[in-house]
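Here is what each chain is made of, one letter per residue.
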Amino acid sequence: LEYCGGENSCLSVIMNEPGSVTHFCPLNLCFGALPLDSTFLRYCKQATIQFVIVKPVMAVINLILISQPPEKINRQVMDICMNIVYNISYTVALYYLALFY
């Protein structure tokens, strides 16, 4: 947001030029257009912040689980679950960044 002149500058541009952002195909078939307002900007910020929070939390969880003896946990299931959470987090963050730009 600092590249755009700050949050207030970005919001004033968005409020002066109302419009909407359509989702990428095929999501545009399921979801309607997102109106460009302060809510849209908040969703974009939340999507990127969730990635910043999820990444270190998952790293700590991964270290805790790795420290456990192998017979206590199934490493393959652990890796699959960790990858699913990482991929969802990456996808949401990058999708909202793409919508923002």
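Right, let's get into the overall build of the protein chain. When its secondary structure is counted, the protein chain shows four helices and two strands. The secondary structure elements of the protein chain, listed N-terminal to C-terminal, are α-β-α-β-α-α. Relative to its full complement of 101 residues, the protein chain shows a buried share of 20%. Contacts in the protein chain between residues far apart in sequence, at least 24 positions, make up 57% of those at least 6 positions apart. Total accessible area on the protein chain is roughly 7,200 Å²; 66% of this is exposed by carbon and sulfur atoms.

The next subject is the packing of aromatic side chains. The final tally for this structure, using the stated rule, is three aromatic pairs. Between Y95 and Y96, the aromatic rings sit 6.0 Å apart at their centres with planes inclined by 90°, giving edge-to-face as the arrangement. Owing to a relative accessible area of 18%, Y95 belongs among the buried residues under this scheme. Its guanidinium or amino end placed over the ring of Y86, K55 lies 4.8 Å from that ring's centre, counting from NZ or CZ.

This part takes up the nonpolar core. Ranked by size, the top nonpolar core spans eight residues in total: V21, L34, F40, L41, C44, Y95, L99 and F100. Looking at this core, the elements that each hand over two or more residues are α3 (38–67) and α4 (75–100).

Moving on to a nonpolar patch on the surface. A cluster of nonpolar residues, I49, I53, V57 and I61, forms a patch on the protein surface that exposes about 330 Å² of accessible area. The exposure class of V57 is partly exposed, given its relative accessible area of 42%.

Take α4 next. For α4, built from 26 residues, the straight-helix expectation of 38 Å at 1.5 Å per residue is met to within 8% by its first-to-last C-alpha distance of 37 Å. Within the sequence span of α4, burial applies to M78, M82, Y86, S89, A93, Y95, L99 and F100.

Before going further, it helps to spend a moment on the packing of α3 against α4. Orientation of α3 relative to α4, taken along the N-to-C sense of each, is 160°, at an axis distance of 9 Å. With respect to α4, the axis of α3 lies roughly antiparallel. Viewed along their axes, α3 and α4 form a crossing whose handedness is left-handed. Here the contact of α3 with α4 is built from residues that sort into 23 nonpolar, four polar and two charged.

So, on to the confidence of the model for the protein chain. Caution is warranted with low-pLDDT regions, since their predicted coordinates should not be read in detail. Model confidence for the protein chain is summarised by a mean pLDDT of 81, while 80% of its residues fall at 70 or above. When mean pLDDT is taken per element in the protein chain, α4 scores highest with 90 and helix α1 (residues 7–16) scores lowest with 66.

The residue S89 is located in helix α4 in this model. For S89, a relative accessible area of 5% gives the class buried. Leave out the neighbours within four places in its chain, and S89 touches Q50, F51 and V54.

Reading the values: rules and limits
Chains are numbered independently. Their residues run from 1 in the order of the written sequence. This being a predicted model, a pLDDT of at least 70 is required before a residue's local features are given, and a value of 80 or more before pairs of side-chain atoms are given or counted; all residues contribute to the totals for chains, interfaces and linings. Hydrogens and water molecules were not included; the side-chain quantities draw on all heavy atoms of the structure. Each helix is a run of DSSP H or I of at least 4 residues and each strand a run of E of at least 2, with the numbering of both proceeding from the N terminus. For each residue, the accessible area found with a 1.4 Å probe, counting protein chains only, is set against the maximum for its type, and the residue is called buried under 20%, exposed over 50%, and partly exposed in between. Only heavy atoms matter for contacts: two residues are in contact if any of them lie within 4.5 Å across the pair. Each accessible area is a Shrake-Rupley estimate made with a 1.4 Å probe; only the visible protein chains count as cover when residues are assessed. Here the aromatic set is Phe, Tyr and Trp, taking the six-membered ring for Trp, and pairing holds for ring centres within 6.5 Å; pairs whose planes are under 30 degrees apart are stacked, those over 60 apart are edge-to-face, and all others are tilted. Two limits define a charge over a ring: the Lys NZ or Arg CZ must be within 6 Å of the ring centre, and within 35 degrees of the ring normal. For this analysis, a nonpolar core means a set of buried residues of the types Ala, Val, Leu, Ile, Met, Phe, Trp, Tyr and Cys, connected via side-chain atoms within 4.5 Å. Residues qualify for a patch when their relative accessible area is over 30% and they have no salt bridge, like charges being joined within 9 Å and the nonpolar side chains of Val, Leu, Ile, Met, Phe, Trp and Tyr within 5 Å. Within this document, salt bridges are pairs made up of a side-chain nitrogen of Lys or Arg and a carboxyl oxygen of Asp or Glu, the two lying within 4 Å of each other. Expected span of a helix: the number of residues minus one, times 1.5 Å. Fitted lines through C-alpha atoms give the axes, limited to the stretch in contact for helices. The angle between two N-to-C directions lies from 0 to 180 degrees. An angle below 35 degrees is read as roughly parallel, one above 145 as roughly antiparallel, one from 65 to 115 as roughly perpendicular, and any other as oblique. Crossings are classed by handedness, with left-handed meaning an anticlockwise turn of the near helix from the far one by less than a right angle and right-handed meaning a clockwise turn. Under the grouping applied here, Gly and all other residues not named as nonpolar or charged are polar, the nonpolar ones being Ala, Val, Leu, Ile, Met, Phe, Trp, Tyr, Cys and Pro and the charged ones Asp, Glu, Lys and Arg. A score between 0 and 100, pLDDT records how confident the predictor is in each residue.

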